[in-house]
Amino acid sequence: MNAVTWDQRERIIALLAEASADPAVRAVVVTATGRGFCAGADLRGSPRVGDKVAGDVARMIRQGAQRFIAAVMDCEKPVIAAVNGTAAGIGAHLAFACDLVLAAESARFVEVFARRGLVPDGGGAYLLPRLIGPQRTKELMYFGDALPAAEAHAMGLVNRVVPAEDLPKTARAWAERLAQGPTRALALTKQLVNASLDTDRATAFAAEATAQELNMTTRDAQEGVTSFVERREARYEGR
């Protein structure tokens, strides 16, 4: 069920950093094979609570789950989640941290933490209220019931639900559309939107103006304006 090990987490963080730095990468898809998307963190071999001292758990969460989710949100390229099966715990938060979420009809999302006697981590209490509001967030987190893909879509947690056999081609089609877009403009758009709910209007407007100032120095912005004037399709290079 693709429970995340330490090695896998570090590999994904590194890949996202590489994607940000590589101009040839224009979009990222996060998906999985098998029955599950991600069943959460792999807890096998984890130290017992009694073996830890004060501060150990908080440090582990900061350097582990939170860093993992932040890597998705901070990636400078659009990130699509293609959820092929169960996304539970940190696996659900991995999907919700992505810019766009596609889900197979068979997918489901589970805020499993309370069922294990745990507080939600990996940014769940930050992400979900911003996506669906506090009341629905508490319902999902208090009860830990599995949320089918269709209901997740109705709530606004998922952009689109497709038959399982259509998930790979739909994810590829969306990624190809994004990869043909103005990559730097999309990166700045992502930063503005992600920051918007944590800032006041004056700060958001100032950030928007600065982002547009920076964006207008890119080749793609110049191409976008020129193609409009010349009445032709824009040919973006991601620069």
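These lines cover the structure that appears in this document, whether it is placed above or below. (Residues numbered from 1 in each chain as written. Predicted model: local features only at pLDDT ≥ 70, side-chain atom pairs only at ≥ 80, totals over all residues. Heavy atoms only, no water.)

What links the strands of a sheet is backbone hydrogen bonding, and the strands pair in either a parallel or an antiparallel sense. Across the sheet, 4 strands lie side by side as S2-S4-S6-S7; this open sheet has mixed pairing. Strand pairing shows two members of the sheet lacking a second neighbour, strand S2 (36-38) and strand S7 (146-148), which therefore form its edges. Recorded for the sheet is a direction-independent mean angle of 20 degrees between the axes of neighbouring strands. Of the strand pairs in this sheet, strand S4 (residues 86-88) and strand S6 (residues 108-110) are connected by 3 bridges, and their pairing is parallel. Residue pairing across strands places Ala88 opposite Val110, the latter belonging to S6. On the sheet, helix H3 (residues 90-97) packs against S2, S4 and S6 and is oriented at approximately 100 degrees with respect to S4. (Pairing = 2+ DSSP bridges. Helix = DSSP H or I, 4+ residues; strand = E, 2+ residues; numbered from the N terminus. Axes fitted to C-alpha atoms, helices over the stretch in contact; angles between N-to-C directions. Contact = heavy atoms within 4.5 Å.)

A few words now on unusual backbone geometry. Residue Asn2 is not a glycine yet carries a positive backbone phi of 60 degrees. For Asn2, the position within the fold is in the segment before helix H1 (6-21). A relative accessible area of 30% means that Asn2 is categorised as partly exposed. Located in the positive-phi region is Arg231, a residue other than glycine, with phi close to 55 degrees. As for its placement among the helices and strands, Arg231 is situated in the segment after helix H10 (219-229). (Buried < 20%, exposed > 50% of the residue type's maximum accessible area, 1.4 Å probe, protein only.)

Moving on, we come to the side chain of Glu111. Position of Glu111 relative to the elements: it lies in the loop between S6 and helix H4 (124-132). For the buried Glu111, which has no salt bridge, the nearest side chain bearing the opposite charge is Arg115, at an N-O separation of 10 Å. Within the local environment of Glu111, its side chain forms a polar contact with the side chain of His93, the two groups lying 2.8 Å apart. In this structure Glu111 touches Ala92, His93, Phe96, Pro120, Leu128, Leu140, Met141 and Gly144, once residues within four positions along its chain are discounted. (Lys, Arg positive; Asp, Glu negative; His and termini not counted. Salt bridge = Lys/Arg side-chain N within 4 Å of Asp/Glu carboxyl O. Polar contact = N/O pair within 3.5 Å; in protein donor to acceptor, adjacent residues only side chain to side chain.)

What describes two packed helices is the angle between their axes and the distance between those same axes. As a packed pair, H1 and helix H2 (residues 56-74) sit with axes 9 Å apart at the nearest point and diverge in direction by 25 degrees. By the criterion of interaxial angle, the relationship of H1 to H2 is roughly parallel. Here H1 and H2 pass one another in a crossing that is left-handed. Contacts between H1 and H2 involve Arg9, Glu10, Ile12, Ile13, Leu16 and Ser20 from the former and Gln63, Gly64, Arg67, Phe68, Ala71, Val72 and Asp74 from the latter. (Parallel < 35°, antiparallel > 145°, perpendicular 65-115°, else oblique. Left-handed = near helix turned anticlockwise from the far one by under 90°.)

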